[in-house]
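# Survey of secondary and tertiary structure
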Amino acid sequence: MTVREPWLDEIAAARHGLDRSSTAARVADLLRAQITDGRLVPGTRLPDKELAKAMDVSRNTMREAFQMLVKERLLVHEFNRGTFVRRVPADDLADLYRVRRLLECEAVRGAAGGPPATLGRVEAAVLAGERAAAAEDWKDVGTADILFHKAIVALMDSPRAYEVIEHLLAEMRLVFHEMGSPREFHEPYLARNRRLYDLMARGDFAEAERELRSYLDDAEEQLTKAYREKA
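What this report covers is the structure whose coordinates are included nearby. As the structure is a prediction and not an experimental result, all values here were calculated from the model. The residue count restarts for each chain, going from 1 along the sequence in the order it is written. Totals for whole chains, interfaces and linings use all residues, but because this is a predicted model, local features are given only for residues with pLDDT of at least 70 and pairs of side-chain atoms are given and counted only at 80 or more. Computation of side-chain values: all heavy atoms of the structure, hydrogens and water removed.

## A few points about the environment of Arg192
Quick note on the threshold: By the criteria applied, helices consist of DSSP H or I runs no shorter than four residues and strands consist of E runs no shorter than two, each listed in order from the N terminus. Working definition: with a 1.4 Å probe on protein chains only, accessible area under 20% of the residue-type maximum means buried, over 50% means exposed, and in between means partly exposed. Here, residues are in contact when the closest pair of their heavy atoms is within 4.5 Å.
Within the element layout of this structure, Arg192 appears in helix 9 (residues 182-201). According to the relative accessible area criterion, Arg192 is buried, its value standing at 19%. In this structure, the C-alpha to C-alpha distance between Arg192 and Ser181, residues eleven residues apart in sequence, is 18 Å. When near neighbours in sequence (up to four residues on either side) are disregarded, Arg192 contacts Glu211, Ser214, Tyr215 and Asp218.

This is the structure we're talking about:
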């Protein structure tokens, strides 16, 4: 008897967002969202036949979507084995954080003098993380953290920058799975997210940028250590 994966049912339920004119890009968006939300974990095999049926699209469309996500470094295709959610190697960490510093720190620096209303998404992500922590839902805390960093880059009001961070943070969600305890990893950053928001809300963007750089440095070091311990 074949056991149906829960994430396959979730994808089937979400297919109402796909219409007959949808392209492989929309299918890729849905799969990327499952990765970003922590539902698809590294090593998961993605059967194109079952997924195509769940989304009511052709297998060719599904394979096109797979190819897009392979290029984004979210999936990997293994000859004669199939397509899998990628495990991000330790060697990629430095580059991921290099790009994050470029985008996120520039977004904070450039937000100085902007209207306070632009920080609404940042505050909403902080509150979502705090609510998830109160419910001890550490997977959702991780999702809220992703939303927090997306909201920071959204301060740039640049569709291109937002697209880059959206893809990059999907990779970061795969990296999060390398941590043994989601609570141990995410809990300390709840207070740091709150502090970053508070600094920006009171207009201290210079201090917020310094805090963000320290935050990213610490996270990179922590994740690098986790990879070394698993090696």
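Next, the rest of the story.
## Concerning unusual backbone geometry
Positive phi is not limited to glycine here, since Asp56 has a value of about 60°. One non-glycine residue, Glu136, lies in positive phi territory at about 55°. Within the element layout of this structure, Glu136 appears in the loop between helix 6 (120-134) and helix 7 (138-154). Using a relative accessible area of 54% as the deciding quantity, one classes Glu136 as exposed.

## Quick notes on helix 2 (residues 24-36)
Convention followed: For a helix, the expected span equals 1.5 Å multiplied by the number of residues minus one.
Here helix 2 contains 13 residues, and its C-alpha end-to-end distance of 18 Å stays within 8% of the 18 Å for a straight helix at 1.5 Å per residue. Looking at helix 2, one finds that the buried residues are Ala24, Val27, Ala28, Leu30, Leu31, Arg32, Gln34, Ile35 and Thr36. Just past helix 2, the residue Gly38 takes up positive phi, approximately 85°.

## Here we look at the side chain of His149
Tracing the sequence through the fold places His149 in helix 7. Taking the relative accessible area as the measure of exposure, His149 reaches 1% and is therefore buried.

## Observations concerning the side chain of Lys150
The topology assignment puts Lys150 in helix 7. Once you skip the residues sitting within four places of it in the chain, Lys150 turns out to touch Thr36, Tyr162, Ile165, Glu166 and Leu169.

## Quick notes on the nonpolar core
Convention followed: Here the nonpolar core consists of buried residues drawn from Ala, Val, Leu, Ile, Met, Phe, Trp, Tyr and Cys, with membership extended through side-chain atoms lying within 4.5 Å.
Grouped together as the largest cluster of nonpolar side chains are 62 residues, with contacts concentrated most on Leu31, Met62, Val122, Met172, Val175, Met200 and Leu223. Excluding its chain neighbours within four sequence positions, the residues that come into contact with Met200 are Val108, Leu119, Val122, Leu155, Phe205 and Ala208. Counting residues in hydrophobic clusters, the runner-up holds five residues, among them Ala133, Trp138, Val141 and Leu190.

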